[in-house]
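# Descriptive structure summary
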There are 2 protein chains.
Amino acid sequence: MKIDNANNSSSNRPTHKHEEQLIAAEEEEEEQMCRTIEVVDLPMPSPPLLAADGDEFSLVPPLNFSMVDNGIFRSGFPDSANFAFLQTLRLRSIIYLCPEPYPDANTEFLKSDGIRLFQFEIEGHKEPFVNIPEDMIREALKVLLDVRNHPVLIHCKRGKHRTGCLVGCLRKLQRWCLSSVFDEYQRYAAAKARISDQRFMELFDISSLKHLPMSFSCLKSLQLFSSASISFFRLQ
Amino acid sequence: MKIDNANNSSSNRPTHKHEEQLIAAEEEEEEQMCRTIEVVDLPMPSPPLLAADGDEFSLVPPLNFSMVDNGIFRSGFPDSANFAFLQTLRLRSIIYLCPEPYPDANTEFLKSDGIRLFQFEIEGHKEPFVNIPEDMIREALKVLLDVRNHPVLIHCKRGKHRTGCLVGCLRKLQRWCLSSVFDEYQRYAAAKARISDQRFMELFDISSLKHLPMSFSCLKSLQLFSSASISFFRLQ
């Protein structure tokens, strides 16, 4: 798999030499940190059709599925039973937070629906051997905030720990108080909630992003952010 | 408090005499079932301002807060600590599912922000004395689905049972399988989950609405529904 760092939004970018170098370095770093699969030049999928006798038709959301914000969803690992439901979301991309390769059936689904996969290989350590890589969460956050990737689904295995940490960091950016961040995390992690995850979220430094005006809905306020610092991947 | 049943979307309405009578009867029924408070002719609230030194500024979502779908939120009872957060949602209305009068501070907040209140007086019975009024949930569902009321926040006291039942019925309309409806209900009700609520959702009859094409996002598909069968309240 190859990644093309050609930037499709170069007209919005700063032209200063030093900044260009910084961006190039950043893109290189992202390349190491994130795998992407993309199928381009496919027509947009047509809207999913529901059976005429709707009573019989059931959509099956993935485990722990929920809407996070406009254009952002979270869940556990989706399987083929969930594909019809996922089609109703008209996803443009998926952020996958596990090191394991994506299953063939899921990859086929992404290809057929023109969905791009951003994979961040975060190990699913159990306590007390926990080491959530802050740099990966930061890069995943950038992909998540880039509205060009919306609608986007974040998932790991069970939608509890890795997904919970990424969503928690998003909430910090959205200025949620910490107790509400933890409350949301615990709603999905339930009996499996980890103190170490909550400590990670508490310590996660958003200062480099604090100049951003953030509200609950990040759609508009992040346009500036996305065009200023996010690279755009495209497979050759 | 008076309710004016003058219909602001009459141009979209059927003109047949019998249908008009049916709609008038329906509006009368809604009048009995739902109290509304509305402040009209107020300018849209300006976007909430965040402190310049963003690190110090914390937004406090209400208990059990979550996004349900585009333009639809759920939570427990909001208090004054949550008002700044609620302003970021730019709510147009609130669906309140308890019989108790709305507190003065909350009513003031609604007035100052031009938010309309739809109150459905559903008692918060505990098992085994449970009797969720299906007709009220059905009327609340109509208000919920009317995009003219979006963004809308649904809340009761703790955002567990009454709110959970209304959201569960919405999910049935969205063709979610029952196990996913229950899974979502249980995520918010946690240790307080009630079999009777889940039985109510299972038995709730969506057949009168089954002709509607529904996807996860109800924004577009429900325009037709809202203009066809929802009355529009306006305070004199």
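Residues numbered from 1 in each chain as written. Chains lettered and ligands numbered in written order. Predicted model: local features only at pLDDT ≥ 70, side-chain atom pairs only at ≥ 80, totals over all residues. Heavy atoms only, no water.

Bringing the overall build of chain A into the picture now. Per the secondary structure count, chain A includes 8 helices and 6 strands. Of the contacts formed within chain A by residues at least 6 apart in sequence, a portion of 71% connects residues at least 24 apart. Surface accessibility of chain A: about 10800 Å² in total, with carbon and sulfur atoms responsible for 53%. (Helix = DSSP H or I, 4+ residues; strand = E, 2+ residues; numbered from the N terminus. Contact = heavy atoms within 4.5 Å. Areas by Shrake-Rupley, 256 points an atom, 1.4 Å probe, with all protein chains shown as cover.)

This part is about the pairing of strand β2 (residues 66-69) of chain B. Residues and elements named next belong to chain B. Looking at chain direction, β2 and strand β3 (residues 72-75) are connected through 3 bridges and run antiparallel. Counted as the bridge partner of Met67 is Phe73 from β3. Remark: 2 residues form the turn of the hairpin made by β2 and β3, two consecutive strands paired antiparallel; Gly71 in that turn has positive phi of roughly 75°. (Pairing = 2+ DSSP bridges.)

So, on to the nonpolar core. By size, the foremost hydrophobic cluster in this structure holds 104 residues, and its most contacted members are Ile95(A), Phe120(A), Ile95(B) and Phe120(B). If we skip the residues at most four places from it in the chain, Ile95(A) touches Phe118(A), Phe120(A), Ala140(A), Val143(A), Leu144(A), Val152(A), Leu153(A), Ile154(A), His155(A) and Leu166(A). (Core = buried A, V, L, I, M, F, W, Y, C linked by side-chain atoms within 4.5 Å. Buried < 20%, exposed > 50% of the residue type's maximum accessible area, 1.4 Å probe, protein only.)

All names here are of chain A. Orientation of helix α4 (residues 134-145) relative to helix α5 (residues 162-173), taken along the N-to-C sense of each, is 70°, at an axis distance of 10 Å. On the basis of their axis angle, the class for α4 and α5 is roughly perpendicular. Relative to α5, α4 is oriented so that their crossing is right-handed. On α5, the residues touching Ile137, Ala140, Leu141, Leu144 and Leu145 of α4 are Leu166, Cys169, Leu170 and Leu173. Classifying every residue of the contact of α4 with α5 by side-chain character gives 9 nonpolar, no polar and no charged. (Axes fitted to C-alpha atoms, helices over the stretch in contact; angles between N-to-C directions. Parallel < 35°, antiparallel > 145°, perpendicular 65-115°, else oblique. Left-handed = near helix turned anticlockwise from the far one by under 90°. Nonpolar A, V, L, I, M, F, W, Y, C, P; charged D, E, K, R; others polar.)

Here the structure, examined in full by the defined rule, presents 18 aromatic pairs over all chains. Here the aromatic rings of Trp176(A) and Phe65(B) are separated by 6.1 Å at their centres, their planes lie at 70°, and the arrangement is edge-to-face. Here the residue Trp176(A) occupies a position in the loop between α5 and α6 (178-189), and Phe65(B) occupies one in the loop between β1 (34-37) and β2, the pair thus bridging two chains. Taken individually, Trp176(A) and Phe65(B) each receive the classification buried, so the pair is uniform in this respect. (Phe/Tyr/Trp six-rings, centres within 6.5 Å; stacked < 30°, edge-to-face > 60°.)

Our focus in this paragraph is the pattern of salt bridges. A side chain of one charge can pair with a side chain of the opposite charge if their charged atoms are brought near each other. All names here are of chain A. Scanning all chains against the criterion turns up 12 salt bridges over all chains. Arg171 is the salt-bridge partner of Glu184, the closest N and O atoms lying 2.8 Å from each other. Of this pair, Glu184 sits in helix α6 while Arg171 is found in helix α5, placing the two residues 13 residues apart along the sequence. Glu184 sits in the buried class, given a relative accessible area of 5%. Of the charged contacts, one joins Asp183 and Arg187 as a salt bridge, the two residues approaching to 3.3 Å between their closest N and O atoms. Residue Asp183 and its partner Arg187 are located together in helix α6, separated by 4 residues, close to a single helical turn. Residue class for Arg187 comes out buried when judged on its relative accessible area of 9%. (Salt bridge = Lys/Arg side-chain N within 4 Å of Asp/Glu carboxyl O.)

Time to look at the state of the cysteines. Note: disulfide means a covalent bond formed between the sulfur atoms of two cysteine side chains. Residue and element names in this part refer to chain A. Enumeration according to the criterion identifies 0 disulfides over all chains in this entry. The thiol of Cys165 is not disulfide-bonded; the next cysteine sulfur, from Cys169, is found 6.6 Å away. The class for Cys165 is buried, based on a relative accessible area of 0%. (Disulfide = S-S within 2.5 Å.)

The next thing to look at is the confidence of the model for chain A. Residue and element names in this part refer to chain A. Model confidence for chain A is summarised by a mean pLDDT of 76, while 63% of its residues fall at 70 or above. Predicted confidence for residues 1-15 stays below pLDDT 50, and this span has 36 contacts to residues more than four positions away or in other chains. Segment residues 39-55 is flagged for pLDDT under 50; beyond a separation of four residues in sequence, or across chains, it makes 22 contacts in the model. (pLDDT = per-residue confidence, 0-100.)

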